[in-house]
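Results of the structural survey
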Number of protein chains: 2
Amino acid sequence: MPTYAALIAYDGTEYHGFQRQVESQPTVQSTIEESLSRLAPQPVTLLGSGRTDSGVHAVGQVISFSLAWRHSSEDLHRALNANLPEDIAILQLKQVSSSFHPRFDAQRRAYEYTVYDGSIRHPLKRQFSWHVNRKLDEAKMNQAAKYLLGVHNFATFGQPPQGSNFVRELFMAEWTRSDCDLTFRIEANAFLYRMVRSIVGSLKLVGEGTWSTEEFVEAFKAQNRHECGTVAPPQGLCLVSVTYKTLNWSA
Amino acid sequence: MPTYAALIAYDGTEYHGFQRQVESQPTVQSTIEESLSRLAPQPVTLLGSGRTDSGVHAVGQVISFSLAWRHSSEDLHRALNANLPEDIAILQLKQVSSSFHPRFDAQRRAYEYTVYDGSIRHPLKRQFSWHVNRKLDEAKMNQAAKYLLGVHNFATFGQPPQGSNFVRELFMAEWTRSDCDLTFRIEANAFLYRMVRSIVGSLKLVGEGTWSTEEFVEAFKAQNRHECGTVAPPQGLCLVSVTYKTLNWSA
């Protein structure tokens, strides 16, 4: 049975997160598995590079699955997109080695978090950004974010999905502004549960002047979840890419 | 009773257009009127610069209304936004002359229409763009769009909201591309009903090669609604600004 990897995008607004739940609430995984199972003689399960929370979006999530399929990958790609709802899309699909694992083989993940800091809420951006109704100082937030780079214990900012290893390596953590749209790009080998939203919520305290950079760094170094500032809401978050040594997507 | 003008934005996805309907289906107008009426001793009706269709968005719609309000404009602005659902926002509000009419006093309207021409649909853009799954040639579309500039009879592209005058003056009609996102900006003194979506649908035929520029111009000059190409779907359309001689908003 051939194994496939797929690059997928989804609007997480209507889903209870990526990962299949014991209850029957719709998740991204269960929705794709149902579509796959309609194309196969038996139920199909898939693996993802990592879970995303309820309301979180993706344009670069990676999944894999094995499927008894006798036609081309292109045919499978088309059939799947025709079967999926409009808020999920398979962007690319290719056959891979059966040993490929989207989570364990991932070398780097990149997320983006969007804040809108106009004084009045923006109705067209409400499902894809966090509205903060006072101006944030991105220079201060960037100054604080620099302390996160490198190998650190991130216990202040999240829980490991499994085990008790809180150490992660951060490669990038940077805010850029375009008018009232602030985008935070963060890249790491892997992330703890709620880590990006916890970092964004804490940096927001720096940006609005509630915390100094020193207070942010103190909270970080405390390695204590209770020292986290606030947790930013899910709709501003988007998983933008996952990098593998053995898997490349076309540009 | 003081008269107010307001600059408003809305995500049209959940509304049956801007204009109040005889039936009880929610429209942008009826939703704002209900919020206003909660702040006033009697029901309030409002005027808009023009109606937008079901599913069409706005970031620059202008409305006016009279209201018995004893506090400041700032207080009214805050109270209204607190009363409105998340998909409608009052961006700015000011007191104006009781003679102000958002439709008759408007000198110019600007719309933007967004097309996404990636080969696979983009789930995060589906409520704000038209997905066309083959590459459009924006240079060709711009060449054809130039013929629309100036004073013309636009009967091919729409119906007047009232009366039988099909003549409008177009000041701008131009496509720009950023990766797979094509934005069409169009400005006129006023628009016919369905005019922007009809022009976009017809220019799309040029962009994909179904129509030559000459065929587009022939259809336009026929002044016949049956010669229109296709009508683009509503979700790509956004009313971005309305210009008045007597009313200016802060930048």
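The shown structure was predicted, so the numbers you read here are calculated from the model rather than taken from an experiment. (Residues numbered from 1 in each chain as written. Chains lettered and ligands numbered in written order. Predicted model: local features only at pLDDT ≥ 70, side-chain atom pairs only at ≥ 80, totals over all residues. Heavy atoms only, no water.)

**Quick notes on unusual backbone geometry**
Stated formally: The way it works is that DSSP assigns letters per residue, a run of H or I at least four long becomes a helix, a run of E at least two long becomes a strand, and they are numbered from the N terminus. Residue exposure (1.4 Å probe, protein chains only): buried if accessible area is under 20% of the type maximum, exposed if over 50%, otherwise partly exposed.
Phi at Arg 194 of chain A takes a positive value of approximately 70°, unusual for a residue other than glycine. For Arg 194 of chain A, the position within the fold is in the loop between β9 (181-188) and α4 (195-207). What makes Arg 194 of chain A partly exposed here is its relative accessible area of 33%. Its identity as a non-glycine residue notwithstanding, Gln 223 of chain B has a phi of 50°, on the positive side. Of note, Gln 223 of chain B is situated in the loop between α5 (213-221) and β10 (237-244).

**What to know about the relation of the copies chain B and chain A**
Definition in use: The copies were overlaid by least squares, fitting only the C-alpha atoms of residues that reach a pLDDT of 70 or more in each copy.
Rotating chain B by 180° and moving it 0.0 Å along the rotation axis overlays it on chain A with an RMSD of 0.0 Å. The symmetry that links the two subunits is that of a two-fold axis.

**So, the state of the cysteines**
As a reminder of what qualifies: The definition used for a disulfide is geometric: two cysteine sulfur atoms within 2.5 Å.
Enumeration over the complete set of coordinates arrives at 0 disulfides over all chains. Cys 238 of chain A provides the cysteine sulfur closest to Cys 180 of chain B, a residue in no disulfide bond, and the two sulfurs are 16 Å apart.

**Looking at the pattern of salt bridges**
Note the threshold: Here a salt bridge means any side-chain nitrogen of Lys or Arg lying within 4 Å of a carboxyl oxygen belonging to Asp or Glu.
Per the stated rule, a full pass over the model turns up 28 salt bridges over all chains. Between Arg 185 of chain B and Glu 112 of chain B there is a salt bridge; the shortest N-O distance is 3.0 Å. One end of the pair, Arg 185 of chain B, is in strand β9 (residues 181-188); the other, Glu 112 of chain B, is in strand β5 (residues 106-116), and 73 residues separate them in sequence. Asp 117 of chain B is the partner of Lys 135 of chain B in a salt bridge, and the nearest nitrogen-oxygen pair spans 2.9 Å. Here Asp 117 of chain B lies in the loop between β5 and β6 (130-131) and Lys 135 of chain B lies in the loop between β6 and α3 (138-145), a separation of 18 residues in the sequence. With relative accessibility at 2%, the residue Asp 117 of chain B sits in the buried group. Overlapping salt bridges, with partners in common, bring together Arg 108, Glu 112, Arg 185 and Glu 187 of chain A in one network.

**Some points on α3 of chain B**
Residues and elements named next belong to chain B. The condition is simple: The arc refers to the directions leading from the helix axis to the C-beta atoms. We call two residues in contact whenever any of their non-hydrogen atoms come within 4.5 Å of each other. Two N or O atoms form a polar contact when they lie within 3.5 Å of each other; inside protein one atom must be a possible hydrogen donor and the other a possible acceptor, and for residues adjacent in sequence the pair counts only when both atoms belong to side chains.
Listed in full, the buried residues belonging to α3 are Met 141, Asn 142, Ala 144 and Ala 145. Within α3, the buried residues cover an arc of 160° as seen down the axis, which keeps them to one side. Contact partners of the buried residues in α3: β8 (167-178), β9, α4 (195-207) and α5. At the N-terminal end of α3, a side-chain oxygen is found 3.0 Å from the backbone nitrogen of Ala 139, two or three residues along, and the residue is Asp 137.

**Looking at the packing of α3 of chain B against α4 of chain B**
Residues and elements named next belong to chain B. What counts, and what does not: Only the contacting stretch of a helix is used when fitting its axis, a line to C-alpha atoms as for every element, and angles between N-to-C directions run 0 to 180 degrees. Here roughly perpendicular refers to angles of 65 to 115 degrees, roughly parallel to angles under 35, roughly antiparallel to angles over 145, and oblique to all remaining angles. Crossing handedness is read from the near helix: turned anticlockwise from the far helix by less than a right angle, it gives a left-handed crossing, and turned clockwise, a right-handed one.
Following both chains from N to C, one finds α3 and α4 inclined at 130°, their axes separated by 8 Å at the closest point. As far as their axial angle goes, α4 and α3 are oblique. Here the hand of the crossing between α3 and α4 comes out right-handed. Between α3, through Lys 140, Met 141, Ala 144 and Ala 145, and α4, the contact on the second element is made entirely by Leu 203, Lys 204, Val 206 and Gly 207.

**So, the pairing of strand β10 (residues 237-244) of chain A**
Side-chain direction in a regular strand flips from residue to residue, so the side chains alternate between the two faces of the sheet. Residues and elements named next belong to chain A. Where we set the bar: Between any two strands, pairing holds if DSSP finds at least two bridges.
A large share of β10 lies buried, amounting to 6 of its 8 residues. Here strand β3 (residues 57-66) runs beside β10; their pairing, made up of 2 bridges, is parallel. When the bridges of β10 are listed, His 57 appears paired with Cys 238. As judged from the 7 bridges shared by strand β5 (residues 106-116) and β10, these two strands associate in the antiparallel manner.

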